[in-house]
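Next come the chains, spelled out residue by residue.
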Amino acid sequence: MKLSIRILSAAFLLAVIGNTSLRADGMVNVVVNSPIFANGTVRDIRSGINIYLQRRDAMGLDFLDPKVPGYGIPPGGRLEVELVNGFQRDPSIPLGQPTILLVAGTPQQGLPGRAVGYTVSEGKTPSTFVITPTIQSGLEVAKIVSNAPGASHDPIRQYGIKIIHIGMTMAFVNRGEKGRVEVRIFDGDGKVVKRGMGEIAFLPAPQPQIFPTNIPHGKRNHNWQRLKPGQILGRTEGTLPLAFLLFARNDAFGNQGLHGVGVLSSRELSVLNYKIPKTLKRFTGGLIFQDANGDGLIEPGQDRIVGGIIDQAPAGAKGHEVRTPLLKNGHHLSQSTKTYNERAGAKLGGAILLLEFVAGDKKGIYRPTFALLSNPDDLASPDGSSYAYTIVVE
């Protein structure tokens, strides 16, 4: 029984993060597409990746709990991130702060070197980043907090290094079938005290992408929010809706957003007497639709199915659901990123989707996974990009 639970958890974790994740070990959980680029893990295109870290006492997504401390760097030590293979270096771009960013959590709150106290340089190989503290005491975990505008308003602050983002300035190109990265923390004597490895399979062509984002609310952390049974994220005071950045593709016309997207929960679909297609039965929490006729309403049977929600909740929990907020004239569907932040919209493109989450009647961890079909024109196609938010009901 315990073995089957572990196998299920491992399989679920891959679904949570995205189906291009391969094996990982040690302090590395998974390697995934950066949450700001539509095609950061597409073969023969510039690399934009995130390396999710973990600890033995907080594996997988549990490491992102703001109550769990991240990593620091010992006095006199350093952090090395090596793109071992599968990534071709562009020698015209130096390895510095714009090419790599330490992150406190997800949606990502950056830890820029100038604010936190570290420099970035090239290591013994042209594919190795070296992060060196600028202060003698190193980077102390308790002092590693983001200066993002909304971070100070988080009910529980994230602290410590939890994610490594590579590709703000893109110094590498994805080559071949897969890429491998290694992360190492050295102490002041030059000894490796923490190590991890992760691999990612490169996509042969761009696919629709769904990422977490904090663009709409001043970079506050939308993940690991806490509320009571029956309360609603996005309505209950002090809470935020679940926020996503959606891309249809990245092509010659830029980062095309998935506009007019919304969700109907499994309960709402049942009320409408809509039967989920057999090929989509895995989406136990509801379906993700794109408005086909522009009337501002999600109408199953008429609108395009682009993905779905995989439910994960405490045993026996009832009443929980993810849904699209209602407006006077229809549903609050995904809109251009520029609607929420002109600067971010011009730089990133894409579309923003906001969703409510109704807490169930049982206390514990709720972790709905939002997955887009790899080919929305084929309902039998496997899941592509995906992401799971964690909500704590207490």
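One can find the structure itself at the top, above this paragraph.
Below you will find a few notes about this structure. (Residues numbered from 1 in each chain as written. Predicted model: local features only at pLDDT ≥ 70, side-chain atom pairs only at ≥ 80, totals over all residues. Heavy atoms only, no water.)

1. Re the environment of G96
Rules: The helix count covers DSSP runs of H or I at least four residues long, the strand count covers runs of E at least two residues long, and both are numbered beginning at the N terminus. Buried, partly exposed and exposed residues are distinguished by accessible area as a fraction of the type maximum, computed with a 1.4 Å probe on protein chains only: under 20%, between the cut-offs, and over 50%, respectively.
Relative to the helices and strands, G96 resides in the loop between β5 (87–89) and β6 (100–103). Classification of G96 as buried rests on a relative accessible area of 15%. Placed 119 residues apart in sequence, G96 and I215 show a C-alpha to C-alpha distance of 25 Å.

2. Comments concerning the sheet that holds strand β7 (residues 110–111)
For the record, the criterion: Note on pairing: DSSP must find at least two bridges between two strands before they are called paired.
One open sheet accounts for five strands, arranged β2-β3-β10-β6-β7; its pairing is antiparallel. Lying at the two open borders of the sheet, with one neighbouring strand each, are β2 (28–33) and β7. In the sheet, β2 pairs with strand β3 (residues 49–53) via five bridges, with the strands oriented antiparallel. Of the residues in β3, the one forming a bridge with N33 is I49.

3. Looking at the nonpolar core
For clarity, the cut-off: Here, nonpolar core refers to any group of buried Ala, Val, Leu, Ile, Met, Phe, Trp, Tyr and Cys residues whose side-chain atoms link them within 4.5 Å. Should any heavy atoms of two residues lie within 4.5 Å, those residues are considered in contact.
With 87 residues, the main nonpolar core has V81, F129, I131 and I164 as its most contacted residues. If you tally residues by element for this core, the top one is strand β17 (residues 242–251), at six residues. Sequence-distant contacts of F129, that is, excluding residues within four places in its chain, are made with L79, E80, V81, L83, L95, T99, I100, V120, S121, I166 and F172. Core analysis: the next-biggest nonpolar cluster, separate from the first, contains 14 residues, I276, F283, F289 and I305 among them.

4. Concerning the side chain of Q209
Formally: Contacts described as polar in this section are N or O atom pairs within 3.5 Å, which, within protein, must combine one atom able to donate a hydrogen with one able to accept it, while residues neighboring in sequence count only if both atoms come from side chains.
Tracing the sequence through the fold places Q209 in strand β14 (residues 209–212). At 3.1 Å, the side chain of Q209 forms a polar contact with the side chain of S385. With sequence-adjacent residues up to four places away left out, Q209 is seen in contact with N33, A38, L203, L245, L246, F247, L372 and S385.

5. Side note on the sheet that holds strand β29 (residues 383–388)
Let me state the cut-off plainly: Only the contacting stretch of a helix is used when fitting its axis, a line to C-alpha atoms as for every element, and angles between N-to-C directions run 0 to 180 degrees.
Taken in spatial order, the five strands line up as β19-β20-β21-β28-β29 in an open sheet, and their pairing is antiparallel. In this open sheet, the two edge strands, each paired with only one partner strand, are β19 (261–265) and β29. Sheet twist, expressed as the average angle between the axes of neighbouring strands with direction ignored, equals 25°. Pairing of strand β20 (residues 286–290) with strand β21 (residues 304–310), which is carried by five bridges, proceeds in the antiparallel orientation. Bridging from a neighbouring strand, Q290 pairs with R304 of β21.

6. Brief notes about the pattern of salt bridges
Threshold: Salt bridge criterion: a side-chain nitrogen from Lys or Arg within 4 Å of a carboxyl oxygen from Asp or Glu.
The final tally for this structure, using the stated rule, is 24 salt bridges. Residue R282 pairs with D383 through a salt bridge whose shortest N-O separation is 2.7 Å. On the criterion of sequence distance, the pair formed by R282 in the loop between α3 (266–271) and β20 and D383 in strand β29 is long-range, its members being 101 residues apart. Look at R282 and you get partly exposed, because its relative accessible area is 31%. For D383, a relative accessible area of 17% gives the class buried. The network of salt bridges with shared partners includes R23, R78, E80, E82, K178, R180, E182, R184 and E199.

7. Quick word on unusual backbone geometry
With an omega dihedral of 0°, the bond running from T106 to P107 counts as a cis peptide bond. Mapped onto the elements of the fold, P107 is located in the loop between β6 and β7. Although it is not a glycine, N273 sits at a positive phi angle of roughly 60°. Topologically, N273 is positioned in the loop between α3 and β20.

8. A closer look at the packing of aromatic side chains
Counted only if it meets this: Pairs were defined over the aromatic rings of Phe, Tyr and Trp, the Trp ring being its six-membered one, requiring ring centres within 6.5 Å. Orientation was assigned from the angle between planes: stacked under 30 degrees, edge-to-face over 60, tilted for the rest.
Evaluated as defined, the whole model comprises nine aromatic pairs. Centre to centre, the rings of F63 and Y71 are 5.8 Å apart; their planes meet at 50°, and the pair counts as tilted. Of the residues examined, F63 reaches a relative accessible area of 0% and is grouped as buried. Classification of Y71 as buried rests on a relative accessible area of 9%. Judged by centre distance (6.1 Å) and plane angle (65°), the rings of F211 and F247 are edge-to-face.

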